[in-house]
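Examination of the molecular architecture
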Amino acid sequence: MSDLVIVESPAKAKTIKKYLGSGYEVVASMGHVRDLPKSRLSVDIKKNFAPKYEIIKGKEKLVDDLKSAAEKSEHIYLATDPDREGEAISWHLAYILGLPTDETNRVEFNEITKSGVTNGMSHPRSINIDLVNAQQARRILDRLVGYKLSPFISQKIRRGLSAGRVQSVAVRIIVDREEEIRKFKPEEYWSIDAKFIPKGSRKSFSASLYSDENGKIKITNGEQADKIEADLQDAEYVITKVKNGTRKKSPAPPFITSTLQQEASRKLGFQSRRTMKVAQELYEGVDIEGMGATGLITYMRTDSLRISNVAIEEVTEYIKNAYGEKFLPPKPRFFKSRSNAQDGHEAIRPSMPSLTPDSVKASLTSDQYKLYKLIWNRFTASQMADCIQKTTQADIVANGYTFKASGYRVDFEGFTTLYVESKDVEEEKTTQLPPLEKDMIVRCKELKKNQHFTQPPARYTEASLIKALEEYGIGRPSTYAATITTITSHEYVKREGKSLVPTELGEVTTNLMKERFPKIVNVKFTNQMEEDLDKVEKGTEEWHALLNEFYGDFDKTLKKAKADMEGVKLHLKEDETDIICDKCGRQMVVKVGRYGKFIACPGYPECKNIIKYVEKTGVKCPKCGGDVIIKRTKTKRIFYGCSNYPECDFVSWNEPTNEKCPQCGGILFKKKGKKPTLFCATEGCGYTKTADTDDK
């Protein structure tokens, strides 16, 4: 009889089977097999919040196959993902297969490599019931909030809406930022910048006005700037201070889940869902030429910065051979995790540091290669030497006004030869200054006044929202991708370029939640819930008590909201259309039904007129002149077609624009991506240009 190993995905099963050999049968559960059914609450509140789990619809045959395989096996190992969800899946599998929960049959693989699998199989343990209870508590909390609150929100605003313990807070964060932007009042200020040329030199350098005789100066209007400019007319500029120094720039730590999502958004333009999908593929195993199925990275759901000594030894050896001893730091780097980090796994790193991105590129998809290279570069750079920069700061004085100049040159590239972390806000670039000395007279080549206005805070992007959620302690890094997908697909938030902008629906819903359910959308309260769930995981808090404490207050609040708002319906301006009902003359509105949006007369039930909802692009069909409309496939993928279909068969995956091709007069289409381009689809033309920039 062979031993049975149950994992979550077929790809992972294939990779692990390669390492375990013929004595093992490795099968996949395809994720969860038992859960709270979607059709009802499935939580018995009166019986201490007892969950009513069922086999997930459509997985009955899979469960029968698992039972059959288990009966034929001598030993059964539960090797689901090494986190809360994975632990819960193992617990559900144990229940279905009749396995004792105290049996040492639970194994974990932090990396899907020969050593990772061997190590996991040689250290089986029993199921961690505290971890399971933390997952159950979270699942039931989310079910109570979603199933009790969503119908209320839908009744008061629009059919089909949802509320959630984490998603509603995420929307509130975005809505609050939008309110900050609206309330922001710009203040005028001026800067005075100069370009100087040292005596005997041709190279100029830049400096900015910093102070006058009374200290640091703030220029608030044009008259003040004009006066300073006049004071500096024909003035002699003298360098009064030069300070040379050295600074070290250290590398960023290896990735954790949240920073991987942020950096993939900034550098690759990946949405968080795409990042996690590709990371899962790299972890579970990819067919590498000459190696077979191989897991390329460690587990991608982690908030720990811990690195194994073996990995540090391997990457140190690689850096020494590829770059030389001088690119190694004096001693290996170890990074400190956040105080509330789960330290069960290492940071996200290559499972085999010697396996460079270029050596496996031919075996990877484009997305897999880009993400693996990002992870590999970040990890390798984290164990490289500091970047050494020689800095210069100079004060230039004229008529009591002081200008400051600063610059640097790279003395030793160190880790920056491989990787530099991106930032949400670009840092001001500084360049190298020419040789400067104290008491040197410099010529002012240019003196320029610049008017500025203070800017409102920036809208959130996926990267900055994930960073905010992590800092506030909202949700877990593994849930961020799903949260962002939910709030955009439910149209609480829309994307404008990389920015996340609240819709009217998002604002109205958030304001209702703030007024009626302030705790649910309170950042501190939600953070406290996360800390309480962590206590359940550590075994220091009882999960039923946590649920009971939450639900008592929540239930009272919900009942009061229902009583206070009986008969009240909130209306959205964005639901109004410019279409007049041809039966009764009313202005028709957008409604949401079981099968999506449709346009209806607001006079229902007196008038039951409805028409099909279409999203116009504002572009005319290049074939027949009809309206180009947005359409969706069964998987929700967007494409574009003519409203006169089937009479007109125009269709395109790329978005048509109103811009005409300068070469042939055809319309230009927009191809999305990190660098969007406009192109002409007319056969034989070939014209392209970067969107919103010059021709190329």
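Residues numbered from 1 in each chain as written. Predicted model: local features only at pLDDT ≥ 70, side-chain atom pairs only at ≥ 80, totals over all residues. Heavy atoms only, no water.

Looking now at the overall build of the protein chain. When its secondary structure is counted, the protein chain shows 17 helices and 30 strands. Long-range contacts, defined as pairs at least 24 residues apart, comprise 66% of the intrachain contacts of the protein chain with a sequence gap of at least 6. Taken as a whole, the protein chain presents about 36400 Å² of accessible surface, with 49% of it coming from carbon and sulfur. If the 113 positive side-chain charges of the protein chain are averaged to one point and the 98 negative ones to another, these points end up 2 Å apart. (Helix = DSSP H or I, 4+ residues; strand = E, 2+ residues; numbered from the N terminus. Contact = heavy atoms within 4.5 Å. Areas by Shrake-Rupley, 256 points an atom, 1.4 Å probe, with all protein chains shown as cover. Lys, Arg positive; Asp, Glu negative; His and termini not counted. Charge placed at Lys NZ, Arg CZ, Asp CG, Glu CD.)

Judged by nonpolar contacts, the single largest core of 75 residues is most densely connected at Ile 6, Leu 149, Ile 153 and Leu 465. Top contributing element to this core by residue count: helix H5 (residues 129–156), with 10 residues. (Core = buried A, V, L, I, M, F, W, Y, C linked by side-chain atoms within 4.5 Å. Buried < 20%, exposed > 50% of the residue type's maximum accessible area, 1.4 Å probe, protein only.)

According to UniProt, the "active site" (unreviewed entry) feature falls on Tyr 299. As for its position among the elements, Tyr 299 is in the loop between strand S13 (292–294) and helix H10 (309–322). If near-sequence neighbours (up to four positions away) are discounted, Tyr 299 is found in contact with Asp 81, Pro 82, Asp 83, Asn 110, Tyr 283, His 345 and Ile 348. (UniProt positions renumbered as here; feature names shortened; annotations may be inferred.)

Counted under the stated rule, the structure contains 17 aromatic pairs. Ring geometry for Tyr 53 versus Trp 91: centroids 6.2 Å apart, planes at 80 degrees, classification edge-to-face. Remark: Trp 91 occurs in helix H3 (residues 84–97) and Tyr 53 occurs in the loop between strand S5 (50–51) and strand S6 (54–55); sequence separation between them is 38 residues. For Tyr 53, a relative accessible area of 14% gives the class buried. A centroid spacing of 6.2 Å and a plane angle of 55 degrees characterise the contact between Tyr 551 and Phe 554, whose relative ring orientation is tilted. (Phe/Tyr/Trp six-rings, centres within 6.5 Å; stacked < 30°, edge-to-face > 60°.)

The subject of this paragraph is the packing of helix H6 (residues 167–183) against helix H15 (residues 504–516). In the contact formed by H6 and H15, the axes pass within 9 Å of each other and the chain directions differ by 105 degrees. In terms of orientation, H6 and H15 fall into the roughly perpendicular class. On H15, the residues that touch Ser 168, Val 171, Arg 172, Val 175, Asp 176, Glu 178, Glu 179 and Arg 182 of H6 are Gly 506, Glu 507, Thr 510, Asn 511, Met 513 and Lys 514. Here the residues of the contact of H6 with H15 sort into 3 nonpolar, 4 polar and 7 charged. (Axes fitted to C-alpha atoms, helices over the stretch in contact; angles between N-to-C directions. Parallel < 35°, antiparallel > 145°, perpendicular 65-115°, else oblique. Nonpolar A, V, L, I, M, F, W, Y, C, P; charged D, E, K, R; others polar.)

Let us now look at the domain arrangement of the protein chain. Assigned domains of the protein chain: these are domain 1 (3–127), domain 2 (137–183 + 458–565), domain 3 (188–250 + 387–453), domain 4 (259–383), domain 5 (573–612) and domain 6 (654–695). Domain 2 puts 6 residues into the contact, and the matching count from domain 5 is 7 residues. Buried area between domain 2 and domain 5, both sides added, is near 620 Å², and the carbon and sulfur share of it is 33%. Per-residue buried area on domain 2 facing domain 5 is highest for Arg 158, Arg 159 and Glu 504; these three make up 81% of the total on that side. (Domains from an automatic or database assignment. Buried area = accessible area lost by both parts, 1.4 Å probe.)

Of the positions making up helix H4 (residues 114–121), those classed as buried are Gly 116, Val 117, Gly 120 and Met 121. Down the axis of H4, the buried set is contained in an arc of 120 degrees. They therefore lie on one face. Where H4 is buried, its residues touch strand S1 (3–7), helix H1 (10–20), strand S2 (24–28) and strand S7 (76–78). (Arc of directions from axis to C-beta.)

Moving on: empty space enclosed by the protein. Left-over empty space is what a probe sized like a water molecule reveals as it rolls over the atoms. Evaluation of the coordinates by the stated rule reveals 3 cavities of 30 Å³ or more. In this model, the largest cavity occupies a volume close to 60 Å³. As for the largest cavity, its lining consists of Ser 162, Ala 163, Gln 167, Ser 168, Val 171, Tyr 492, Gly 506, Thr 509, Thr 510 and Met 513. Elements with a minimum of two residues in the lining of the largest cavity: H6 and H15. (1 Å grid on protein atoms, 1.4 Å probe; cavity = no way out; pocket = protein on both sides within 12 Å on 5 of 7 lines; lining within 4 Å. Points joined across faces, edges and corners; volume = space filled by probe spheres on them.)

To continue, consider the packing of helix H13 (residues 462–472) against helix H14 (residues 480–489). It is at 11 Å that the axes of H13 and H14 come closest, and there the two elements cross at 120 degrees. Taken together, H13 and H14 sit at an angle that is classed as oblique. Crossing hand, H13 versus H14: right-handed. Residue-level inspection shows Glu 462, Leu 465, Ile 466, Leu 469 and Glu 470 of H13 in contact with H14, the latter providing Tyr 480, Ile 484 and Ile 487. Its residues assigned to classes, the contact of H13 with H14 shows 6 nonpolar, no polar and 2 charged. (Left-handed = near helix turned anticlockwise from the far one by under 90°.)

Attention now moves to the sheet that holds S7. Ordered in space as S2-S1-S7, the 3 strands form an open sheet in which the pairing is parallel. Edge positions in the sheet fall to S2 and S7, since each of these pairs with one other strand and no more. Going across the sheet, the axis of each strand differs from the next one's by a mean of 20 degrees, ignoring polarity. Inspection of the sheet shows S1 paired to S2 by 5 bridges, in the parallel sense. Bridge assignment links Val 5 to a residue of S2, and that residue is Val 26. Most of the contacts of H1 go to S2, to which it runs at about 170 degrees, and overall it touches S1 and S2. (Pairing = 2+ DSSP bridges.)

Reading across the sheet, the 4 strands line up as S27-S28-S29-S30 and stay open at both edges, with antiparallel pairing between neighbours. Both outer strands of the open sheet, strand S27 (655–660) and strand S30 (688–690), are each paired with one neighbouring strand and no more. When the angles between neighbouring strand axes are averaged without regard to direction, this sheet yields 30 degrees. Pairing between strand S28 (residues 667–671) and strand S29 (residues 677–680): 4 bridges, direction antiparallel.

Attention now goes to unusual backbone geometry. Glycine aside, residues mostly have negative phi, and peptide bonds are mostly found in the trans state. Here the amide bond leading from Tyr 604 into Pro 605 is cis, since omega sits at 10 degrees, within 30 degrees of zero. Structurally, Pro 605 can be placed in the loop between strand S21 (596–600) and strand S22 (610–612). A cis amide bond links Tyr 645 to the next residue, Pro 646, at an omega of 10 degrees. Along the chain, Pro 646 falls in the loop between strand S25 (638–642) and strand S26 (651–652). Of note in this structure, Asp 234 is not a glycine but carries a positive phi near 60 degrees. Here Asp 234 shows up in the loop between helix H7 (222–231) and strand S11 (237–249). In the Ramachandran plot, Asn 399 falls in the positive-phi region, its phi being about 50 degrees despite a non-glycine side chain. Here Asn 399 shows up in the loop between strand S14 (387–398) and strand S15 (401–412).

The first and last C-alpha atoms of H6 sit 25 Å apart over 17 residues, in line with the 24 Å expected at 1.5 Å per residue. Buried within H6 are the following residues: Gln 167, Ser 168, Val 169, Ala 170, Val 171, Ile 173, Ile 174, Val 175, Arg 177 and Glu 178. On its buried side, H6 packs onto H13, H14, strand S17 (493–496), strand S18 (499–502), H15 and helix H16 (523–538). (Expected span 1.5 Å × (residues − 1).)

Following the sequence through the fold, Gln 280 ends up in helix H9 (residues 272–284). Those residues in contact with Gln 280 that sit more than four places away from it in its chain are Asp 81, Met 300 and Arg 301.

Let us now look at the state of the cysteines. For the structure shown, the criterion picks out 0 disulfides. Between Cys 648, a cysteine without a disulfide, and Cys 621, which holds the nearest cysteine sulfur, the sulfur-to-sulfur distance is 3.7 Å. (Disulfide = S-S within 2.5 Å.)

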